[in-house]
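Here's the letter readout for the chains.
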Amino acid sequence: MGTLQSQAVAAKKSTLTPKAIINQKFGSKALYTVEEVEESSQNDCPGLAIQQKRPCLYRCCLQLPELSVVSEPFKRKKDAEQAAAEKAIKKLGIHLEETIPTVEEAWQNLVDRLSYLFSSEFLSSVHPLSGHFRAAMRRSEDLYGCVPISVLVIFDAKLNNLCKIINPNVESNLLLGMSIVATAAARPACSLLLLKDSLSLKRQNLLPPDVLQSLETSDSRLSESIQIQVVRIPSSVDLNLESLALNISSGSYYLDVIAQALETTNASGILISKTIGRASSETRLYFTAPKHCRLDLEQSSNPLGDVTNQHEEPTNVRASYMAGQQVYGDAVLASVGYKWNTGDLFHEDVTLQTYFRLLISKIPNGVYKLSREAILAAELPVAYTTKSSWRGLLPREILCTFCRHYRLAEPVFSVFSKCSENPETSYVTCKKLKEGNLIEEKGRLDPSAVGGQSEEPGGAIQCEVKMFSKHQELILHCLPTKTYKKETDAIQNAALKVISWLDALFKEYETSLQKLSSLAKKLEIQFYSEFFVQEFKVLHLVPNLWISTVSGSGDDNMLENSFTVAGQATGGLPSSGSFVCISYSVCLVTEVGSLKEHVESNEEFEFEIGNGGVLPFIEGVVTQISVGQSASFRVELPPKEFVLAAADDALTTLSILSSGKCSLEYCVTLLRVTEPLEDRMEQALFSPPLSKQRVEYALQHIRESCALSLVDFGCGSGSLLDSLLNYPTSLEKIVGVDISQKALARAAKMLHSKLKANAEMNLPTNRIESAVLYEGSITSYDSRLCGFDIGTCLEVIEHMEEHEASLFGDVVLSSFCPMLLIISTPNYEYNVILQKSTQNQEEDPDEKNQLQSCKFRNDDHKFEWTRAQFRDWAIGLSERHNYNVEFSGVGGVVDVEPGFASQIAVFRRKEDTKKLEMAHHLEVIWEWSKENI
Ligand code: SAH
Ligand code: MG
């Protein structure tokens with residue numbers, strides 16, 4: 001493990017990939033051939049219940065004029081090619097490290113570079129910086145030929161790198177870089193004139209006349225003017241942001257125009273930030289150098305020199321937060337520059353919305369919201385289940401984006417696979433994942449992981465994440481204990497933990513470290529606060545932007561605790577794990593209702609119920625309406641940055657926001673509901689659907705038994721209780737128990753309307769006298785559940801840990817003592833069939849592999865038993881408590897492999913053994929009795 005960090009450092013040193021190095025040396029003379037590897041080396045594991053199809057592997061042969069090499073097999077062609085190139089480099093004895101100049105050499109190189117930049121040769125070259133030089137030749141009088149030093153430091157990567165060699169602090173201190181350049185420029189060899197007070201440089205001698213002449217004629221569109229949108233961010237937070245239109249043209253210097261917007265006469269004193277947002281963007285902040293700023297030429301060579309300490313210019317907190325660096329005074333956010341390929345001016349409009357989108361993309365939740373194009377509705381989900389159920393950017397991508405935003409090193413993911421507790425057979429594979437490259441350190445396939453009787457049904461892959469600072473110090477370490485069957489699941493879940501914590505950090509930067517620490521502990525994260533303070537010190541300066549986001553959850557955010565529903569109820573409310581598709585629109589409204597502005601809408605927005613992927617109140621409403629119905633409700637305002645990032649018309653929205661008390665008005669229509677994978681399979685492959693067959697099976701026993709009372713353990717939304725009311729039975733009393741409030745709420749709603757209707761019509765079909773729903777765990781004893789005739793427990797035990805399932809069995813048979821108990825649970829051996837038939841529907845190759853290795857039917861399942869496992873459990877139980885047990889099932893045929901899809905055990909009490917003990921652990925959630933209607 002200790003090697004990982006050093007590897008990350010090593011990988012950082014050489015910026016070129018092996019292929020790029022080979023390409024530099026040999027160009028088209030390097031021939032790569034990739035071939036599929038037929039045999040996988042460890043295929044000698046006989047006696048497997050299920051043969052897993054191995055992913056195909058690739059090997060790459062690289063032919064060079066001097067030699068040829070063949071790589072090891074890899075899962076991806078790309079990796080095989082890089083590995084072959086790496087092998088060739090080793091054989092050729094090429095040294096990867098580029099020689100880094102010494103400080104003295106760097107000074108000399110800097111002088112050379114400056115002389116070149118001010119030469120006539122560079123003036124006619126195509127480079128984003130040469131545009132500045134050409135524009136400088138069109139500046140008038142004193143400014144003729146003057147180029148701001150900040151421009152040189154910002155737009156010339158070579159110059160910048162040389163400055164960093166002289167003093168690494170240049171990375172975070174533009175003024176320091178400028179002093180270094182000024183110091184170099186002062187050397188006679190440069191023949192440059194330093195306009196010290198104006199922070200600019202110009203040539204001492206005029207350029208040759210022919211060069212000047214060619215400049216004049218080269219551009220015919222000099223007078224053409226373009227209007228660009230920029231945002232002005234006043235230094236004082238009390239002043240509003242302003243959207244400005246600037247007129248720039250190729251005939252004038254655009255930096256002078258921006259300088260005027262900052263109320264300085266010309267661009268000489270302008271400072272420029274690094275790019276903001278996407279890597280390819282040219283969006284930057286422009287601001288003026290502190291008034292009394294003089295570049296200290298002596299300071300520049302002193303490694304501790306900090307030029308910024310000399311003045312008391314106010315910090316612009318909003319701009320500093322945005323740029324991640326210190327910005328003084330007023331600032332302008334603009335996206336404009338000279339093109340790489342032609343040197344022409346280009347621009348993108350920067351509106352207020354651009355500003356707010358950039359702002360929210362600084363937190364992981366914001367990145368996620370933007371990727372779902374649902375800034376007001378989407379939230380970072382609490383769990384990653386499968387790729388197909390995740391919407392928006394994947395957790396790992398979000399984490400990488402985050403690190404890039406803050407100029408941190410790429411996070412390092414390591415995957416471990418531990419397939420057996422037995423040290424004899426145990427092995428560990430450890431893979432380091434970096435930017436999609438897999439470096440396998442040690443590994444081999446484990447036969448037991450493929451077999452049906454894997455000891456660890458949850459899978460054995462674990463993933464850790466490490467985050468490093470700009471200087472490669474470890475700043476965060478997350479090692480989740482949970483193991484997964486699939487590598488991607490392990491990776492994404494680990495990444496999700498990290499981004500959830502970072503999100504909290506950024507939203508609550510001013511709250512206590514203690515709170516962050518306890519959250520970190522919960523998420524299995526270790527962090528090094530001193531480095532966080534170091535990396536994100538600029539955040540200290542910023543007033544808390546996100547105050548209202550985290551406060552309140554669930555219905556707290558609903559203003560009036562109600563919503564109005566339109567449309568016909570059609571039954572079938574979405575339940576946990578299902579996907580719902582809604583359309584919604586959101587308006588900003590003032591309390592008095594006089595002003596209303598559309599903010600965001602979506603024609604089709606899909607999300608999974610129960611994983612926190614949307615604001616709690618939206619989910620709350622959606623789970624209570626049925627397909628085709630619409631609901632309107634008002635909610636408390638989220639942080640205004642979110643509203644502004646969503647709004648088309650930021651100006652109007654801003655004015656409404658500042659006009660007084662506002663709220664958001666949602667209108668949501670439920671378009672469709674897709675059941676979770678298990679239900680989909682059960683419905684697609686069985687007719688009638690498996691769930692229906694289970695209920696039918698139970699009903700038959702209920703009818704035959706002439707029972708008067710029934711408890712449904714783990715009743716869920718009440719599918720069994722519902723069916724009971726459709727048929728005449730002898731039952732007079734029915735009870736449901738579940739731990740899910742949401743499921744119980746649905747069951748109550750259904751039972752209420754059905755019982756009411758039945759009673760009103762006075763149907764002779766059922767004799768139900770009372771119905772009760774209890775909330776609580778079925779593993780705890782409650783005397784009110786004693787003495788019932790029948791107990792049912794359909795597809796519930798696999799949702800508990802195995803020891804809890806056993807506890808439940810013991811409690812029911814020893815204390816509740818029903819005459820008859822029916823328990824159903826999936827038959828693990830049947831999964832091969834289910835999964836084979838759904839395979840074609842899955843497009844993701846990863847997903848296919850997962851199915852082949854036999855995953856559970858539902859992500860919430862803690863185990864799925866084979867027939868033998870279920871038998872053992874049930875027989876043990878029946879013997880301990882004096883019951884008989886019979887086995888049966890639904891879906892499939894008796895004694896035909898691999899048995900029933902759902903296996904069922906029916907327990908019958910041998911004799912009347914009843915001991916009553918008084919205790920109430922369960923809470924009545926809803927009760928109905930024939931007398932009180
Ligand atoms: N029996 C229902 C629901 C099956 S889904 C049907 O056949 O449709 C499994 C249900 O078990 C869920 O509603 C879940 O909330 C419930 N459950 C899981 N663990 C439980 C426990 N310890 N106590 C009570 N209910 C539990
Ligand atoms: Mg289940």
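Residues numbered from 1 in each chain as written. Chains lettered and ligands numbered in written order. Predicted model: local features only at pLDDT ≥ 70, side-chain atom pairs only at ≥ 80, totals over all residues. Heavy atoms only, no water.

The condition that has to hold: UniProt positions are given in the numbering used here, feature names are shortened, and annotations may be inferred rather than shown by experiment.
Taking an unreviewed UniProt entry as the reference, the chain is identified by name as Small RNA 2'-O-methyltransferase belonging to Oldenlandia corymbosa var. corymbosa. Regarding the chain, the relevant UniProt record gives this comment under Cofactor (unreviewed entry): "Mg(2+)". The Sequence similarities (unreviewed entry) field of the UniProt record for the chain holds the comment "Belongs to the methyltransferase superfamily. HEN1 family."

1. Looking at the sheet that holds strand β28 (residues 820-826)
Cut-off, in case you're wondering: Whether two strands pair comes down to DSSP finding at least two bridges between them. The helix and strand labels rest on DSSP assignments: H or I over at least four residues marks a helix, E over at least two residues marks a strand, and numbering proceeds from the N terminus. In this analysis, axes come from line fits to C-alpha atoms, helices being fitted only over the stretch in contact, and the angle between any two N-to-C directions falls in the range 0 to 180 degrees.
Spatially, the eight strands line up as an open sheet ordered β29-β30-β28-β27-β24-β25-β26-β31, and their pairing is mixed. Since the sheet does not close on itself, it has two edges, and those belong to β29 (883-890) and β31 (923-929), each with one partner. Averaged over all neighbouring strand pairs, the angle between strand axes comes to 15°, with direction disregarded. Relative to β28, strand β27 (residues 790-794) runs parallel, the two sharing five bridges. Paired with G791 across the strands is L821, a residue of β28.

2. Topic: the site of ligand 1
Basically, it comes down to this: Note on terminology: near, applied to a residue and a molecule or strand, indicates that one of the residue's heavy atoms is within 4 Å of it. Polar contacts here mean pairs of N or O atoms no more than 3.5 Å apart (in protein, one a potential hydrogen donor and the other a potential acceptor; neighbouring residues in sequence count only if both atoms are side-chain atoms). All accessible-area figures derive from a Shrake-Rupley calculation using a 1.4 Å probe, and residue coverage is judged against the displayed protein chains alone. Ten residue types, Ala, Val, Leu, Ile, Met, Phe, Trp, Tyr, Cys and Pro, are classed as nonpolar, four, Asp, Glu, Lys and Arg, as charged, and the remainder, Gly among them, as polar.
Around ligand 1 there are 15 residues in total, and G714, S719, D738, I778 and L794 lie nearest to it. Between S777 and ligand 1, the recorded distance is 3.1 Å, taken from a side-chain N or O atom to a nitrogen atom. Take I778: an N or O atom from its main chain is 3.0 Å from a nitrogen atom of ligand 1. Look at ligand 1: alone it shows 570 Å² of surface, and the protein chains cover 80% of it. Among the residues forming the shell around ligand 1, the class breakdown is six nonpolar, seven polar and two charged.

3. Observations regarding the pairing of strand β24 (residues 709-713)
Stated formally: Accessibility here uses a 1.4 Å probe with only protein chains present; expressed as a share of the type maximum, an area under 20% marks a residue as buried, one over 50% as exposed, and anything in between as partly exposed.
Of all five residues making up β24, five are buried, and the element is well covered by its neighbours. Of the two faces of β24, both are covered, the one formed by S709, V711 and F713 as well as the one formed by L710 and D712. One ladder, built from five bridges, connects β24 with strand β25 (residues 733-738); its direction is parallel. The residue of β25 that forms the bridge with L710 is I734. Bridge analysis of β24 against β27 gives three bridges, and the strand direction is parallel. Opposite L710, over in β27, you have I790 as the bridge partner.

4. Looking at the sheet that holds strand β21 (residues 596-608)
The five strands lie next to each other as β19-β22-β23-β20-β21, forming an open sheet whose pairing is antiparallel. With one partner strand each, in any of the chains shown, β19 (564-566) and β21 form the two edges of the open sheet. Neighbouring strand axes in the sheet, compared pairwise and without regard to direction, differ in orientation by 20° on average. Pairing geometry for strand β20 (residues 579-590) and β21, over 10 bridges, is antiparallel. Counterpart to I582 in the pairing with β21 is F605.

5. Examining the nonpolar core
Operational definition: For the purposes of this section, nonpolar cores are sets of buried Ala, Val, Leu, Ile, Met, Phe, Trp, Tyr and Cys residues that join through side-chain atoms within 4.5 Å.
Grouped together as the largest cluster of nonpolar side chains are 167 residues, with contacts concentrated most on L114, L152, W501 and Y666. Broken down by element, the residue count for this core peaks at 12 residues, all from helix α17 (residues 487-507).

6. Some details on the coordination of the magnesium ion (ligand 2)
Basically, it comes down to this: For Na, K and Ca the donor cutoff is 3.2 Å, while for all other metals N, O and S atoms count as donors only within 2.8 Å; water does not appear among the atoms, so some sites may look incomplete.
Coordination of the magnesium ion (ligand 2) by the protein is provided by E798 (OE), H799 (NE2) and H861 (NE2), with metal-donor distances spanning 2.3 to 2.4 Å. Among the residues examined, H861 registers a relative accessible area of 5% and is labelled buried.

7. Describing the pattern of salt bridges
How we decide: By convention in these notes, a salt bridge is any Lys or Arg side-chain nitrogen within 4 Å of a carboxyl oxygen on Asp or Glu.
This structure, assessed with the given rule, holds 27 salt bridges. Note that E619 and K742 form a salt bridge whose closest N and O atoms lie 2.7 Å from each other. Remark: K742 occurs in helix α27 (residues 741-761) and E619 occurs in helix α21 (residues 616-622); sequence separation between them is 123 residues. For E619, a relative accessible area of 5% corresponds to the buried category. Of the charged contacts, one joins R634 and E665 as a salt bridge, the two residues approaching to 3.7 Å between their closest N and O atoms. Of this pair, R634 sits in strand β22 (residues 630-635) while E665 sits in strand β23 (residues 662-674), placing them 31 residues apart in sequence. Given a relative accessible area of 25%, E665 falls into the partly exposed group.

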